[in-house]
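# Structural description and commentary
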Amino acid sequence: MYKVILVDDEEWTLKRLNIIFRWSEYGFEVIDTFTNARLALDMIVAQKPDLVLTDIRMPEYSGLDIVRIARENNCKTKFVMISGHAEFQYAQEAIRYGVTDYLLKPVSRETADKTLARIKKDLDELRGANSESEIVFEN
């Protein structure tokens, strides 16, 4: 199972994300949810989950701040930004930080399924490549 952390300053959005995204069907497990971006960032840096879904606009730290600081701490985590704002500036900055996807609220079940399927495929390929590089041949 791939580990997931959800971050949004609105509790109802976190609940909705747990309903809309069919985590276990795609091999994901939500290990924690946060309404406080600073606490989320601490957990992300410590746990280095496989995937983080985060709101882009939050008090104290934005989702972009979370990605930037996580990258500075060598997190290879995949990030998906979720926003109620279709502002090009946000999307552009997200791309600079290597965000995997940028979804607009409200997220539909179809979009959630497509997003998880694509991310799972990427993670499976990374996991396969990493395990192949760890093979040691003995004489």
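For the structure itself, consult the block above.
The structure reproduced in this document is the subject of the present report. (Residues numbered from 1 in each chain as written. Predicted model: local features only at pLDDT ≥ 70, side-chain atom pairs only at ≥ 80, totals over all residues. Heavy atoms only, no water.)

### Focus: the environment of I5
- Take I5: it is sitting in strand β1 (residues 2–7).
- In this structure the C-alpha to C-alpha distance between I5 and V30, which are 25 residues apart in sequence, comes to 5.8 Å.
- Once residues within four sequence positions are removed from consideration, I5 is found in contact with I31, D32, F34, M43, I44, P49, L51, V52 and L53. (Helix = DSSP H or I, 4+ residues; strand = E, 2+ residues; numbered from the N terminus. Contact = heavy atoms within 4.5 Å.)

### Focus on the pattern of salt bridges
- The full count for this structure, using the stated rule, is eleven salt bridges.
- Here K120 ties to D124 by a salt bridge, and the two come within 2.8 Å at their closest N and O atoms. Of this pair, K120 and D124 both sit in helix α5 (residues 109–133), four residues apart, roughly one helical turn.
- Salt bridges sharing common partners tie together D8, D55 and K105. (Salt bridge = Lys/Arg side-chain N within 4 Å of Asp/Glu carboxyl O.)

### Some details on the packing of helix α2 (residues 37–47) against helix α3 (residues 63–72)
- In contact at an axis separation of 10 Å, α2 and α3 are set at 25° when each is read in the N-to-C sense. Comparing their axes, α3 and α2 come out roughly parallel. Of the two elements, α2 crosses α3, and the hand of that crossing is right-handed. In contact with A37, L41, I44 and V45 of α2, α3 contributes I66, I69 and A70.
- Grouping the amino acids of the contact of α2 with α3 by side-chain chemistry returns seven nonpolar, no polar and no charged. (Axes fitted to C-alpha atoms, helices over the stretch in contact; angles between N-to-C directions. Parallel < 35°, antiparallel > 145°, perpendicular 65-115°, else oblique. Left-handed = near helix turned anticlockwise from the far one by under 90°. Nonpolar A, V, L, I, M, F, W, Y, C, P; charged D, E, K, R; others polar.)

### Topic: the packing of aromatic side chains
- Counted under the stated rule, the structure contains three aromatic pairs.
- For the ring pair Y2 and F28, a centre distance of 5.6 Å and an interplane angle of 45° mean the geometry is tilted. Of the two residues, Y2 sits in strand β1 while F28 sits in strand β2 (residues 28–34), which places them 26 residues apart along the sequence. Accessibility assignment for this pair places Y2 and F28 in one class, buried.
- Ring geometry for F21 and W23: centres 4.9 Å apart, planes at 15°, overall stacked. A single burial state applies to F21 and to W23, both of which are buried.
- Chaining the aromatic ring pairs together yields one cluster made of Y2, F21, W23 and F28. (Phe/Tyr/Trp six-rings, centres within 6.5 Å; stacked < 30°, edge-to-face > 60°. Buried < 20%, exposed > 50% of the residue type's maximum accessible area, 1.4 Å probe, protein only.)

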